[in-house]
Amino acid sequence: MTPPKPMIEIDEVTKYFGQKLVLDRVSLTVNRHETICLIGASGSGKSTLLRCVNRLVEHDYGTIRLDGVPNTDPSFGKTGLQRRTGIVFQSYNLFPHMNVLDNITLAPRRVHGVPRPEAEDRGRAILARFGMDGFAGSYPEQLSGGQQQRVAIARALMTRPDVLLLDEITAALDPELVGEVLSIIRGLKDEGMTMMIVTHEMAFARDCADRVAFLADGEILEIDHPERLFANSAHDRTRRFLQRITQGGRL
Amino acid sequence: MTDGPHDTDRRRGPPPPPPGRGFDWRAAALPSAISAASILIVFGALAWAVTSAEQWPRIRLQFFNLDAMIAAFPRVLQGFWVNIQVWLTVLVCILLWALALAILRSLRAPWCAPFRLMVVIYIDLFRGVPVLLLVLLFGFGIPALNLPGLPNSGLFWGGVAMVLSYAAYVAEIYRSGIDAVHEGQRAAAKSLGLTEWQTLRYAILPQALRNVVPALMNIVVALQKDVALLSVIGVRDAVREAQIYTATTFNYSSLIVAAGLFLLATIPMARLADYLTRRDRMRRLQMAG
Ligand SMILES: Nc1ncnc2c1ncn2[C@@H]1O[C@H](COP(=O)(O)OP(=O)(O)OP(=O)(O)O)[C@@H](O)[C@H]1O
Ligand SMILES: [Mg+2]
């Protein structure tokens, strides 16, 4: 068997917001085609870690490599890093004044110079794949939360990124809409997408993650295969966190 | 909601819509009659009180003299046409110049710091000085310098003064609209690789402008009246023409004519501004709900 190839290497990354230490020497390697779920209490730094990868947030110390190249490397140019990573947010963040097709073709057309017909063909194909073919001309406010989130995923995939970052993408959805979004993620995993997923859906994490990382106070306290971590974690804090979550009826 | 024991009800179809959704003349008649009567009574009493005052004949002669009004009307109307032209020209310049200021101020790149500071100083300066003072300073002062290669008319420089002053307010309105766009929109645009300028151009500004339309409408109305300030530097607008008539006849009816023309233009715009504000509020409520 060939040794797994690292796609994202997070090495001793530290981040402060002002005086507040938010990430404390976090190290984590995500292999190609691997799915990592990040779990942890609110404020533990999950979103910040995700945003450091595509430089929505600039970390203070340490390095993050993408396919072996530091994400601060000038060879990425202005847009290379964004082309190779896609991020989806909890609140969708679609552009409300653009229709679905314009939302997802904005970056290919304006940033990467893809001609309009080609970008729109690609856009329609992705929408069709996600069961959104009838909605190319709709505006975000006309869609359900689940539909909006599917469009947001499509938007993130339009530049064919190597890495997908998902930040609690089902947290704002009504329970009956969660499934349609998670099944898309499941499909992407089966195709071999490399993903970092922040989630509170423990059942999904158990089912879909290759490894689960538990963050507390800006540190990765534990990272393990989901079965092991959920069934018998070595750490008190992890166990307490999982207990709280399951009492909330999430598992 | 209606299952189980109520199943038989459902087969009969839904009940008819409640009466009175449409406009019911009979029900509306009495309240309408009461409002109409009370309006007549109150305004009639006011009119009676005014016209029966001892001074009324003199007032009517000085301010509401029909002959004087008719005599002054052509000149005042001609002046008002100047107002409209200046108003539209100045308005376009203000909207564009203020947009440039707001964009400069909202750029976050470090090298933009000097421009941001310049805009802040500009806005503080021009908001802090009365428009009238600026109009006098520019409209009389600059033509007096006889600068080579620059226009020498008081109208031009007075207009410039109005643009500079109003743009300071409008830039702040734009900025409040830009700030009101959710931070997540910037994050989304940045994550897609848009440059800061592209983020503004494609993601932020379209939303910001939509947010500030009602506030801008109020500026548009205020500006329409303030164009009359240019009369102090001799621009022959409606107010100036009316004043000239007043100076020769000692009758103020011409000013009332000018006032009527301004009202004719501003009242519909004020109603439109109200309507846009209301529509905007509805849109926000819907989005929140
Ligand atoms: N832009 C910012 N400025 C200042 N502090 C911030 C900023 N973003 C996050 N923080 C702080 O950093 C800490 C970690 O935030 P982060 O959003 O990464 O947590 P999280 O694990 O994603 O939490 P949640 O589950 O609530 O999303 C929090 O204490 C938060 O208040
Ligand atoms: Mg978060």
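This text follows the structure it describes.
Counting of residues starts from 1 at the beginning of each chain's written sequence and follows it residue by residue. To read the labels, note that chains go from A and ligands from 1, taken in the order they are written. With pLDDT at 70 or above as the cut-off, local features in this predicted model cover only qualifying residues; side-chain atom pairs require 80 or more to be listed or tallied, and sums for whole chains, interfaces and linings still use all residues. Calculation of side-chain values draws on the structure's entire complement of heavy atoms; hydrogens and water are dropped beforehand.

Caption draft 1: Spatial organisation of the overall build of chain B. Summing up its helical and strand segments, chain B has 11 helices and zero strands in all. Sequence-ordered secondary structure for chain B, helices as α and strands as β, is α-α-α-α-α-α-α-α-α-α-α. Put simply, the radius of gyration uses C-alpha atoms, and a globule should come to 2.2 Å times the residue count raised to 0.38. In terms of C-alpha radius of gyration, chain B reaches 28 Å, well past the compact-globule figure of 19 Å for 289 residues. Counting across all 289 residues of chain B, residues that qualify as buried make up 37%. Contacts are assigned to residue pairs that have any heavy atoms within 4.5 Å of one another. Looking at chain B alone, contacts between residues at least 24 apart form 76% of all its contacts between residues at least 6 apart. Where the 26 positive side-chain charges of chain B centre and where its 16 negative ones centre are 3 Å apart. Helix and strand definitions follow DSSP, with helices as H or I runs of at least four residues and strands as E runs of at least two, each counted in order from the N terminus. Throughout, exposure labels follow a simple rule: accessible area from a 1.4 Å probe, protein chains only, divided by the maximum for the residue type, with under 20% read as buried, over 50% as exposed, and the rest as partly exposed. Charge counting follows a simple rule: Lys and Arg are positive, Asp and Glu are negative, and His as well as the terminal groups are ignored. In plain terms, the charge of a residue is placed at NZ if it is Lys, CZ if Arg, CG if Asp and CD if Glu.

Caption draft 2: Seen up close, the pattern of salt bridges. All names here are of chain A. Definition used for salt bridges: Asp or Glu carboxyl oxygen within 4 Å of a side-chain nitrogen of Lys or Arg. Following the criterion strictly, the structure yields 25 salt bridges over all chains and no others. Asp67 serves as the salt-bridge partner of Arg32, at 2.8 Å between the closest nitrogen and oxygen. Note that Arg32 is positioned in the loop between strand S2 (20–31) and strand S3 (35–40) and Asp67 in the loop between strand S4 (61–66) and strand S5 (69–70), a separation of 35 residues in sequence. Judged by its relative accessible area of 32%, Asp67 falls in the partly exposed class. Among the charged side chains, a salt-bridge network with shared partners connects Arg32, Asp67, Arg84 and Asp162.

Caption draft 3: Structural context of the site of ligand 1. All names here are of chain A. A molecule or strand has a residue near it when one of that residue's heavy atoms lies within 4 Å. Lining the immediate environment of ligand 1, one finds Phe17, Lys20, Val22, Ala41, Ser42, Gly43, Ser44, Gly45, Lys46, Ser47, Thr48 and Glu168. Polar contacts, as used here, are pairs of N or O atoms within 3.5 Å; protein pairs need one atom able to donate a hydrogen and one able to accept it. Residues neighboring in sequence count only if both atoms are side-chain atoms. Measuring from an oxygen atom of ligand 1, one finds a backbone N or O atom of Gly43 at 2.8 Å. Between ligand 1 and the protein, one listed contact pairs an oxygen atom with a side-chain N or O atom of Lys46 at 2.9 Å. Against a free-state accessible area of 630 Å², the protein chains account for coverage of 59% of ligand 1. Looking at the shell around ligand 1, the elements with two or more residues in it are S2 and helix H1 (46–53). When residues in the shell around ligand 1 are grouped by element, the largest group, three residues, is from H1. Surface accessibility follows the Shrake-Rupley procedure with a 1.4 Å probe radius. Residue values consider only the protein chains on display as shielding.

Caption draft 4: The arrangement of the nonpolar core in detail. We call a set of buried Ala, Val, Leu, Ile, Met, Phe, Trp, Tyr and Cys residues a nonpolar core when their side-chain atoms join them within 4.5 Å. Counting residues in each nonpolar core, the largest one holds 104 residues, and the members touching the most others are Ile8(A), Ile10(A), Leu38(A) and Met196(A). If you look at the next biggest cluster of nonpolar residues, it comprises 48 residues, including Phe130(A), Ala154(A), Ile169(A) and Val178(A).

Caption draft 5: Spotlight on the interface of chain B and chain A. Taken together, the contacts link 18 residues of chain B with 22 residues of chain A. Here chain B meets chain A over a buried area of about 1700 Å², counting both sides, of which 64% is carbon and sulfur. On the surface where chain B and chain A come into contact, there are five residue pairs in polar contact (both at pLDDT 80 or more). When contributions to the side of chain B that touches chain A are tallied by element, the ones reaching two or more residues are helix H8 (183–191) and helix H9 (196–226) of chain B. By residue number, the principal contributor to the side of chain B that touches chain A is H8(B), which donates seven residues. When grouped by side-chain class, the residues that make up the side of chain B that touches chain A number nine nonpolar, seven polar and two charged. Note: buried area is the sum, over both parts, of the accessible area (probe 1.4 Å) each one loses when the two are combined. In this classification, Asp, Glu, Lys and Arg are treated as charged, Ala, Val, Leu, Ile, Met, Phe, Trp, Tyr, Cys and Pro as nonpolar, and every other residue, Gly included, as polar.

Caption draft 6: Focus on the sheet that holds S5(A). All names here are of chain A. Strand order across the open sheet formed by four strands is S2-S1-S4-S5, with antiparallel pairing between neighbours. Looking at the sheet topology across the chains shown, the edges are occupied by S2 and S5. In this analysis, strands are considered paired if DSSP registers two or more bridges between them. Pairing analysis gives five bridges linking strand S1 (residues 6–17) to S4, with the strands arranged antiparallel. Of the residues in S4, the one forming a bridge with Ile8 is Leu66.

Caption draft 7: Representation of the sheet that holds strand S9 (residues 211–216) of chain A. All names here are of chain A. Pairing is mixed in the open sheet, where six strands are placed in the order S6-S7-S8-S3-S9-S10. If you trace the sheet from one side to the other, it starts and ends with strand S6 (85–88) and strand S10 (219–224), each paired once. The mean angle between the axes of side-by-side strands here comes to 20°, regardless of whether they run parallel or antiparallel. Pairing geometry for S9 and S10, over five bridges, is antiparallel. Of the residues in S10, the one forming a bridge with Leu215 is Ile220. The axes are straight lines fitted to the C-alpha atoms, using for helices just the contacting stretch, and the angles between their N-to-C directions are given from 0 to 180°. Lying on the sheet, helix H6 (residues 175–190) is in contact with S3, strand S7 (163–167) and strand S8 (194–198); it crosses S8 at an angle near 150°. Against the sheet, helix H9 (residues 236–247) engages S3, S9 and S10, with an angle of about 100° to S9.

Caption draft 8: Structural detail: H1(A). Residue and element names in this part refer to chain A. Within H1, six of the eight residues are buried, which leaves it mostly tucked inside the rest of the structure. Listed as buried for H1 are Lys46, Thr48, Leu49, Leu50, Cys52 and Val53. In the segment just after H1, Arg55 is the residue with positive phi, at about 65°.

Caption draft 9: Just the layout of surface pockets, in detail. Within this scheme a cavity is a closed region of a 1 Å grid, computed over the protein atoms alone, that accommodates a 1.4 Å probe without allowing it to escape, whereas a pocket is open but has protein on both sides within 12 Å along at least five of seven lines; lining residues each have an atom within 4 Å of a point. Grid points are joined across faces, edges and corners, and a volume is the space filled by probe spheres set on the points. One number sums up the size of the second largest pocket: a volume of about 740 Å³. In terms of lining residues, the second largest pocket is bounded by 24 residues, among which Arg55(A), Lys190(B), Leu194(B), Thr195(B) and Glu196(B) are the most central. Of all the secondary structure elements, the ones that give two or more residues to the lining of the second largest pocket are helix H2 (80–84) of chain A together with H8 and H9 of chain B. If one sorts the elements of the lining of the second largest pocket by residue count, H8(B) sits on top with four residues. Each residue belonging to the lining of the second largest pocket can be placed in one class, and the counts come to seven nonpolar, eight polar and nine charged.

Caption draft 10: Inspection of the side chain of Thr199(B) at higher detail. Position of Thr199(B) relative to the elements: it lies in helix H9. Contacts of Thr199(B), omitting those with residues within four sequence positions, involve Arg186(B), Ala189(B), Leu194(B) and Ile204(B).

Caption draft 11: A look at the packing of aromatic side chains. Only the six-membered ring of Trp is used, alongside the rings of Phe and Tyr, when aromatic pairs are assigned; centres must lie within 6.5 Å, and planes under 30 degrees apart are stacked while those over 60 apart are edge-to-face, with the rest tilted. A complete count under the given rule lists seven aromatic pairs over all chains for this structure. Aromatic side chains Phe63(B) and Tyr252(B) sit 5.7 Å apart centroid to centroid with 25° between the ring planes, which places their arrangement in the stacked category. With a gap of 189 residues between them, Phe63(B) in helix H3 (residues 56–63) and Tyr252(B) in the loop between helix H10 (238–249) and helix H11 (253–288) connect regions that are remote in the sequence. By relative accessible area, which is 35% here, Phe63(B) ends up partly exposed. Judged by relative accessible area, Tyr252(B) falls into the partly exposed class, the value being 36%. Ring-pair connections join several aromatic residues into one group, and the members of that group are Trp97(B), Tyr122(B) and Phe126(B). If you follow Arg155(A) out to its NZ or CZ, it ends over the ring of Phe95(A), 4.8 Å from the centre. Here, over-ring charges are defined by two tests on the NZ atom of lysine or the CZ atom of arginine: distance to the ring centre within 6 Å, and angle to the ring normal within 35 degrees.

These results come straight from atomic positions and should not be treated as a statement about function.
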